[in-house]
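Results of the structural survey
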Amino acid sequence: MTDAVLMDMDGTLFDTEKLSFEGWKLAGEQLGYPMTAQQILDFRGRSRTENDRLFRSWFGEDAPYWELRKVRTSYMDDWMAKNGIPLKRGLFAMLRSFYAEGRKTCLATGTAREKAQSYWERSGILRYLDATICGDEVNNSKPDPEIFLRAAAKLELPSEHCFVLEDSPNGVEAARRAGCRIVIIPDLTPPTEAMTDAAEYVACNLIDAANYIQKGARNG
């Protein structure tokens, strides 16, 4: 039986990837480093230090990634201060179903803990989480499997006994390498062929994902 669910945060539980995309676009335009849509999407699931290296590979070693990041973060913070944390459809219905079933959950995000914790505390999801692990608590970011292996260990389960909910190519690859069962909930872009090959299900939304996990766990 598959006993637990490991969940990505941005783009999976929270509709924050769209805000991030808008923030990066604004930052690039303001500071003179306009990025393509694909370049911005390539940031997904990676650590800040890896994105810094990626950004400098595009624009040169002196490219001010951290200055752009401040503009992007300020844009997101201002939006959420006015509007709250943007939740994905069906988030609480899914979490309540896992809680009722006694299914363990761990949030596994590439976002640093200080920022991630403010999101889940403000959104009210913390009561439904058995464990959390953040990007500044692992040595290697997605697509390395470390974060999901350590998330499973926090729940005292082998990784093959865990579903993973993900939206990004890097996250799906990390889950595949960790040996988890993968459910994709597409966000900004449709899943690639590599993603669908790695996953056992592509859900329409979080409610659909929860229904699949409830059925699929019996066969795990």
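Higher on the page you've got the structure.
The sections below set out a description of the structure shown in this document. (Residues numbered from 1 in each chain as written. Predicted model: local features only at pLDDT ≥ 70, side-chain atom pairs only at ≥ 80, totals over all residues. Heavy atoms only, no water.)

It is worth spelling out the side chain of aspartate 187 at this point. With respect to the secondary-structure elements, aspartate 187 resides in the loop between β5 (181-184) and α9 (193-198). Discounting chain neighbours no more than four positions away, the residues touching aspartate 187 are Gly11, Asp15, Glu17, Lys18, Lys88 and Asp167. (Helix = DSSP H or I, 4+ residues; strand = E, 2+ residues; numbered from the N terminus. Contact = heavy atoms within 4.5 Å.)

Here we take up the packing of helix α5 (residues 91-101) against helix α10 (residues 206-216). It is at 8 Å that the axes of α5 and α10 come closest, and there the two elements cross at 20°. Our classification of the angle between α5 and α10 gives roughly parallel. Remark: the crossing between α5 and α10 carries left-handed chirality. Taking contact as the criterion, the partners of Leu91, Ala93, Met94, Ser97, Phe98 and Glu101 in α5 are, on α10, Leu206, Ile207, Ala210, Ile213 and Gln214. A class-by-class count of the residues in the contact of α5 with α10 yields eight nonpolar, two polar and one charged. (Axes fitted to C-alpha atoms, helices over the stretch in contact; angles between N-to-C directions. Parallel < 35°, antiparallel > 145°, perpendicular 65-115°, else oblique. Left-handed = near helix turned anticlockwise from the far one by under 90°. Nonpolar A, V, L, I, M, F, W, Y, C, P; charged D, E, K, R; others polar.)

The next point concerns helix α1 (residues 17-31). Two residues of an α-helix separated by three or four positions point the same way, owing to the 3.6 residues in each turn. In this model, α1 (15 residues) spans 21 Å end to end at C-alpha, consistent with the 21 Å of a helix rising 1.5 Å per residue. Contacts from the buried residues of α1 go to α2 (37-42) and α4 (65-83). Phi turns positive one or two residues past the end of α1, at glycine 32, with a value near 85°. (Expected span 1.5 Å × (residues − 1).)

Residues of helix α7 (residues 146-154) that are buried: Glu146, Ile147, Phe148, Ala151 and Ala152. In this structure, the buried side of α7 is in contact with β1 (4-7), β2 (104-108), β3 (131-133), β4 (162-166) and α8 (169-178). Glutamate 156, located one to two residues past α7, shows a positive phi value of around 60°. (Buried < 20%, exposed > 50% of the residue type's maximum accessible area, 1.4 Å probe, protein only.)

Attention now moves to the pattern of salt bridges. Throughout the structure, instances matching the rule amount to 13 salt bridges. Of the charged contacts in the structure, one is a salt bridge between lysine 115 and aspartate 77, with a shortest N-O distance of 2.9 Å. In this pair, lysine 115 sits in helix α6 (residues 113-123) while aspartate 77 sits in helix α4, placing the two residues 38 residues apart along the sequence. The partner of arginine 181 in a salt bridge is glutamate 200, with the nearest N and O atoms 2.8 Å apart. In this pair, arginine 181 is assigned in strand β5 and glutamate 200 in the loop between α9 and β6 (201-202), connecting sequence segments 19 residues apart. (Salt bridge = Lys/Arg side-chain N within 4 Å of Asp/Glu carboxyl O.)

Further remarks concern the packing of α1 against α4. α4 packs onto α1 with a crossing angle of 135° between their chain directions and a minimal axis gap of 8 Å. By the angle between their axes, α1 is oblique relative to α4. Regarding α1 and α4, the two cross each other, and that crossing is right-handed. Seen from α1, the contacting residues are Leu19, Ser20, Glu22, Gly23, Trp24, Leu26, Ala27, Gly28, Gln30 and Leu31; seen from α4, they are Tyr65, Glu67, Leu68, Arg69, Val71, Arg72, Tyr75, Met76, Trp79 and Met80.

Of all five residues that make up β2, four are buried, and the element is covered over most of its length. As judged from the four bridges shared by β1 and β2, these two strands associate in the parallel manner. Its bridge partner lying in β2, valine 5 is registered against threonine 105. Each parallel crossover has a hand, and for β2 linked through α6 to β3 it is right-handed. (Pairing = 2+ DSSP bridges. Right-handed = clockwise from strand over helix to strand, strands pointing away.)

The strand order across the open sheet built from six strands is β3-β2-β1-β4-β5-β6, with neighbouring strands paired in parallel fashion. At either end of the open sheet lies a strand with only one pairing partner, and these are β3 and β6. Sheet strands in contact with α7 are β1, β2, β3 and β4, and its direction is about 155° off that of β3.

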